[in-house]
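Listed below, chain by chain, are the residues.
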Amino acid sequence: MRILLAIVVLLALGWSGFWFWNASLRERALTGWLEQRREAGWVADGSVRVTGFPNRVDTVVTGLELANPKAGWSWGAPEFQILSQTWRPQQVIAVWPASQSIATPFDRLDVTSDRLVGSLLLEPNQRLGLDHSTLEARGLGLKGSAGWQATLGEVLFSIRKAQTETRPFSYDVDFSGKDLALPDDWLTGIDRGAVPRSIDSAHVAGVASFDRAWDRPAIEGDNPVLQRLAISEAHFVWGKLDLTAAGTLDVGPDGLAEGELKLKAQNWQAMLDAADQAGLIAPGLAGTLRGGLGLLAGLSGDKRSLSLPLTFRDGQTRLGPVPVGP
């Protein structure tokens, strides 16, 4: 009995020592990373503490402020949690607070959420390359600096290192969203009888290829640049409107899209009316599009359904044979 008790005590002491060593290592690593970012010219502030004994190593950062002046983005949160099991340090769960702020060169966003949680599995090496990640959100709200607001009822996003793609640095991506309420300014002039304020659902799946991998150096320096987007399925439902698309787009040297998407639209006339009312189509072009597309739809035998390519080439966009604009 004494021998068994001694073994249990030794195991407990050994596990406790391992946990405290692991926790200390995590705390020093994150604190050291923040210091390195400050030396590189970033704003990188936050108080780090580690909890979770004995089976978890949970890192909590309070008063987090990160900003990369070179890339032009910043992120601030009152608290950010990085949760993991003691024996799997490369797999973590991230928990964002109910409110945070994000700034980009285009706008500053105040972000609120009922739930915003992500999981992340990294490659077990010094570069910490991305293997796969998911992000789940509920009750997500966005507010811009100019006062515009948008909300999302549910969001699920996943990205995984591609296994079958021949191009290097490719990732399978999948996005699903429900109840997307657009900013009022975006719907100015649109007949609310044609489309409701909220998009019922959106789903996009495909493969995104970059010029280099998403890993620790990519976050600390210049971000990878998108080179190709192969969309296997894009499906949007907005009231009576139903739109699907698939195709491949390459990013040209000038940063513009080159390629083709095959579109299928149900109740396409209402889509065209909404785009015309919102000012998304050049004045006078809606009538031309309505006539030309109506002829194409009539050839298929169903005037409410339209199937045709959306082509991007030489800086111009065409919907079937009809030029839409730059």
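In this text, all values refer to a predicted model and were calculated from it rather than measured experimentally.

**Observations concerning the packing of aromatic side chains**
Scanning all chains against the criterion turns up 6 aromatic pairs. For the pair Y171 and F210, a centre-to-centre distance of 6.1 Å together with 65 degrees between the ring planes defines the contact as edge-to-face. In this pair, Y171 is assigned in strand β10 (residues 170–181) and F210 in strand β11 (residues 198–210), connecting sequence segments 39 residues apart. Using a relative accessible area of 3% as the deciding quantity, one classes Y171 as buried. Through a chain of ring-to-ring contacts, the aromatic side chains of W33, W42 and W73 assemble into a single cluster.

**Some thoughts on the environment of S113**
Topologically, S113 is positioned in the loop between β6 (108–112) and β7 (115–122). Between the C-alpha atom of S113 and that of G139, which follows or precedes it by 26 residues, the distance is 5.1 Å.

**Describing the pattern of salt bridges**
Inspection of every chain in the model, using the stated rule, returns 12 salt bridges. R38 is paired through a salt bridge with E35; the nearest N and O atoms lie 2.7 Å apart. Separated by 3 residues within a single helix, R38 and E35 lie in helix α1 (residues 2–39), roughly one turn from each other. The partner of R127 in a salt bridge is D215, with the nearest N and O atoms 3.0 Å apart. With R127 in the loop between β7 and β8 (130–144) and D215 in the loop between β11 and α2 (216–220), this pair connects stretches of sequence that are 88 residues apart. Residue classification places D215 among the buried positions, given a relative accessible area of 9%.

Procedures and definitions
- Residues numbered from 1 in each chain as written.
- Predicted model: local features only at pLDDT ≥ 70, side-chain atom pairs only at ≥ 80, totals over all residues.
- Heavy atoms only, no water.
- Phe/Tyr/Trp six-rings, centres within 6.5 Å; stacked < 30°, edge-to-face > 60°.
- Helix = DSSP H or I, 4+ residues; strand = E, 2+ residues; numbered from the N terminus.
- Buried < 20%, exposed > 50% of the residue type's maximum accessible area, 1.4 Å probe, protein only.
- Salt bridge = Lys/Arg side-chain N within 4 Å of Asp/Glu carboxyl O.

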